[in-house]
Amino acid sequence: MQTTQTPLPPEAESLFGRPTRAKRTERWVFMLIRAGTYFILACAAAIFIDIFYKGAQTVFQLEFPFINVEFLTDSPQTLHVFEYEGEKMEMKDSDFRVFKEETGASIVSQTYAYSGGGIWPCIVGTVLLVVGAMAIALTLGVLSAIFLSEYSKPGKILNAVRLSILNLAGVPSIVFGIFGMGMFVLAFGWNVSLIAGWFTLAFMVLPIVISASEESMRAIPQGLRDASLALGASKWTSIRTNVLPYAMPGILTSSIIGVARVAGETAPIMFTAAYALRDQLPWEGLEHWYDLFFQGVMALPYHIYVVSAKIPQNEYTSQMQYGTAFVFLFIVAGIALTSILLRIRMRRKYRW
Amino acid sequence: MSVMTNENIPKPLVEKENVPPSEPETTPNRSLIEISNFNFFYGDKQALFNVDMSIKEREVTAFIGPSGCGKSTLLRCINRMNDLIDIARIGSGTISVNGVDIYDERVDTIELRKRVGMVFQKSNPFPKSIYENVVYGLRIQGITRKSVLDETVERCLKGAALWEEVKDRLDTSGLSLSGGQQQRLCIARALAVEPDILLMDEPCSALDPVATAKVEELIHELKNRYTIVIVTHNMQQAARVSDKTAFFYLGELIEMNATDQIFMSPDKEQTEAYISGRFG
C-alpha cells in the first residue's frame, strides 16, 4: 500500500496516514497482553521443567523396568549411607538391617530420615483424601447450588448468602485447617483421621464448587425449564431432566479446580488428617470396617512439606522432594484429565 | 386413542369430592375456558383489569394487542405458568377450565399443564434427539414401553406435519432442525401429552414467512381436535387462523368477537384504530 503512485484523493488520505492514536494504543495493549501471557507461561515452564528434570531422576532409572518401582511402592524409610569394603553404599533401613545381619559386620552409617524407600502410603493417602473430599464437596455443593439457582427467592438474603460463599473462597487454607481441627478433630472427637480431613478439605473447596455449579445452572435457558413444566413435569423433574444434565460439564469444570486444590493443600490436612510417618497402609490392621475413616494417613503435599521443611536438607532429601513433587503433579494431572474427558463426552452428548 | 394404556387414563384434575361435574359433551363448541372478572398483578403493578371472557371448544381464539397489553400474561394464567414468577399474584376473579376453577388450591398444576399444553414464542426444543423431545412428556410420567413411545412419536410428528421431514433422522438433535421445524417439534411435543387445550404464545414471531405458513396450516388442522388460544402480534395472522379474536389494550379486554366481525366492523373505536394501524 505504501507504493501507491497516484496522488490520493483527499478523502482517502486518512486511510493511508500515520498510525492514529487509537491504532498505537491498540498495538501497545496487545503487546502488554501478550507479554503477560508469555510471562506466566515462562514461570509455569520453569517450575515444571525443574520438577520434571530433577524428579524424573528419582522416579525413572536407566535399567529395566525403567521406573523406580521401589520409590512408588515402598514406604518412606531412613536412608543409611556407609562404606563397606572400600565401597560407598546407600541402603534403606529394612535392607540395611538384613545386610548387617548377613555380613555380621559392625557398620557405622550416616542416616538420613525419610530419604530411603518410597512414597506409596502418601499416594494412597492423597487419592483417598481427594476422592472422599470431592464426593462430599460435590454432593453438598450441587445441592446448595440447586437451591440457590432454582428454589430460592431472589432478594437481599440470597445476595448475602452468595457474597458470603464468595468470601469463603478467599479464606486462607490454614484457617480451614484450624477450623477443621477445632470442629472435627476436637469437638466431634474424630481425632486426626481421614474423615476429619475429608470434611475440612470439602469445606475448603465448597465455595468453588457452589459458585461454579450455580453459574452453570443459571446459564441453562429458562425456556427449557418452562417447556418441561408446561409438559407436566414437576419442578424437581424439570431440574433433574433439563437443568442438571446440561449443567454437568460446568459442574465438572469446578470439580477439576477443586481436585487440584484438595490434592495440593497442605495446611488443611496438617492438623486434621495427615501423619508424617505411618507404618501401616490405611486398609491394614483394621478392627472394624469403619475404622478406615478414623485413621490418619500420609499425604503427598504433607510429605513434601515434611521432607523439605522439617528435616535437615541434603542431596538425599532433595531427591525425595523432587520425586514426590513429580509423582504428585502426575496424579493431579491424571485426575484432572479424567474429569476433562468426562466433560468432553457429556458435551458431545448434549450438543447445543 | 389407540394408546389408552392404564398409565395415561386422565386422572381427575381435582382429586377430592364436591367438584362440580362437567356437563355432558352434547353441544359442540361449548365454552371450555371461562374467565370472569380476572385481575392480575406483577408486584404492585396491575397487569390485567377485570377480564371477562369465554373461550369455546375447538375454536381458535386469537389474542391481539400492542406489546405489554397483557395478552401473554393472560395466556400464561390459563395453565398457571405465571406461578413460576415470584411477584405474580391474582387480585380477584377466576379462570375455570372445563368447569373447574384452576386456581382452586386443590388443583394439581402438573395435571393441569398436561391438559393445557403450551407452545412458546422462542422455539425451545430440548438438546436431545427428536425422538426424545417428543416422548419427554411420557417419559416423565414413567411410560417406558417402546411400542407406546414409538407410536406416540409417529402420531405426534404427523399431527405436527413434521413426520415426512424427519422420519429418517429421529436420532438427530432437535436443535439441528430449522427454526420452523423446531417450532413444529415443540408443537408435536405438546401434543404427546394429549392436551385438550393448546396455548400458543406468538409461535411464529421468530419464523420466516414460509415456516409461518406451515405452522398456520397446522393450526387449521389441529383445530378439529384441540382448542387453541394463540397470542399474536401479527394481525393478518389473527385474521387468517382464528375464529374469535380478542383485542387487549393496557391490560383490559377491549373487545372480543368473531374474527370477521372484529376486522370488518369492530364495535369499539380503539379496536378500529389498532387494526387499521393507527397505533400499536
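Residues numbered from 1 in each chain as written. Chains lettered and ligands numbered in written order. Predicted model: local features only at pLDDT ≥ 70, side-chain atom pairs only at ≥ 80, totals over all residues.

As for the overall build of chain B
Thought 1: From N to C terminus, chain B includes ten helices and ten strands.
Thought 2: For chain B, long-range pairs separated by at least 24 residues make up 70% of all intrachain contacts whose partners lie at least 6 apart in sequence. (Helix = DSSP H or I, 4+ residues; strand = E, 2+ residues; numbered from the N terminus. Contact = placed C-beta atoms within 7 Å.)

As for the interface of chain B and chain A
Thought 1: At the interface, 21 residues of chain B touch 20 residues of chain A.
Thought 2: For the side of chain B that touches chain A, the elements supplying multiple residues, two or more each, are α2 (109–115), β6 (116–119), α3 (130–139) and α6 (179–192) of chain B.
Thought 3: Examining the composition of the side of chain B that touches chain A, we find that three residues originate from one element, α2 of chain B, more than from any other.
Thought 4: Its residues placed into classes, the side of chain B that touches chain A shows eleven nonpolar, five polar and five charged. (Nonpolar A, V, L, I, M, F, W, Y, C, P; charged D, E, K, R; others polar.)

What about the domain arrangement of chain A?
Thought 1: As far as domains go, chain A holds domain 1 (10–59), domain 2 (76–117) and domain 3 (120–349).
Thought 2: Each of domain 1 of chain A and domain 2 of chain A has a C-alpha centre, and these two points are 52 Å apart. (Domains from an automatic or database assignment.)

Comments concerning the environment of Pro249 of chain A
Residue and element names in this part refer to chain A.
Thought 1: Here Pro249 lies in helix α11 (residues 244–264).
Thought 2: Overall, the presence of 19 C-beta atoms within 10 Å leaves Pro249 in the partly exposed class.
Thought 3: Excluding its chain neighbours within four sequence positions, the residues that come into contact with Pro249 are Arg343, Met346 and Arg347. (Buried ≥ 20, exposed ≤ 12 C-beta atoms within 10 Å, placed from the backbone.)

Things to note about the nonpolar core
Residue and element names in this part refer to chain B.
Thought 1: If you look at the biggest cluster of nonpolar residues, it comprises 81 residues, and the most contacted ones within it are Ala188 and Val229.
Thought 2: It is α6 that provides the largest number of residues to this core, a total of seven residues.
Thought 3: In this structure Ala188 touches Val134, Cys156, Leu157, Gly159, Ala160 and Leu162, once residues within four positions along its chain are discounted. (Core = buried A, V, L, I, M, F, W, Y, C linked by C-beta atoms within 7 Å.)

Focus: the packing of α3 of chain B against helix α4 (residues 146–159) of chain B
For any two helices packed against each other, one specifies the inter-axial angle together with the distance between the axes.
Residue and element names in this part refer to chain B.
Thought 1: Running from N to C, α3 and α4 point in directions that differ by 110°, and their axes come no closer than 9 Å. As summarised for this structure, α3 and α4 are arranged roughly perpendicular, according to the angle between their axes. With respect to the hand of their crossing, α3 and α4 are arranged in right-handed fashion. Side by side, α3 and α4 meet where Tyr131, Val134, Val135 and Leu138 of the first sit next to Leu149, Thr152, Val153, Cys156 and Leu157 of the second.
Thought 2: Partitioned by chemical class, the residues of the contact of α3 with α4 number eight nonpolar, one polar and no charged. (Axes fitted to C-alpha atoms, helices over the stretch in contact; angles between N-to-C directions. Parallel < 35°, antiparallel > 145°, perpendicular 65-115°, else oblique. Left-handed = near helix turned anticlockwise from the far one by under 90°.)

Digging into the packing of helix α6 (residues 156–169) of chain A against helix α8 (residues 194–218) of chain A
All names here are of chain A.
Thought 1: Here α6 crosses α8 at 135°, and the two axes come no closer than 7 Å. The pairing of α6 with α8 is recorded here as oblique in orientation. Crossing geometry of α6 relative to α8 is assigned as left-handed. Across the interface between the two elements, Ile165, Leu166, Leu168 and Ala169 of α6 pack against Pro207, Ile208, Ile210 and Ser211 of α8.
Thought 2: Its residues placed into classes, the contact of α6 with α8 shows seven nonpolar, one polar and no charged.

Some words on the pairing of strand β3 (residues 110–117) of chain A
Residue and element names in this part refer to chain A.
Thought 1: The element β3 is largely enclosed, with a buried count of six among its eight residues.
Thought 2: In terms of strand pairing, strand β1 (residues 76–84) meets β3 through five bridges, oriented antiparallel. Bridge pairing in β3 links Pro76 to Gly117. (Pairing = 2+ DSSP bridges.)

Describing the sheet that holds β3 of chain A
Residue and element names in this part refer to chain A.
Thought 1: As summarised here, the arrangement of the three strands in space is β2-β1-β3, forming an open sheet in which the pairing is antiparallel. The open sheet has two edge strands, β2 (87–92) and β3, and neither has a second partner. Across this sheet, the average inter-strand angle for adjacent strands is 30°, counted without regard to direction.
Thought 2: Strand direction decides the pairing type here: β1 and β2, joined by six bridges, are antiparallel. Of the residues in β2, the one forming a bridge with Phe82 is Met89.
Thought 3: Packed on one face of the sheet, helix α14 (residues 315–349) meets β1 and β3 and runs near 10° to β3.

Notes on helix α1 (residues 71–78) of chain B
Residue and element names in this part refer to chain B.
Thought 1: Most of α1 is tucked away: eight of the eight residues are buried.
Thought 2: Of all the positions in α1, only Lys71, Ser72, Thr73, Leu74, Leu75, Arg76, Cys77 and Ile78 are classed as buried.
Thought 3: Trailing α1 by a residue or two, Arg80 shows a phi angle of about 60°, which is positive.

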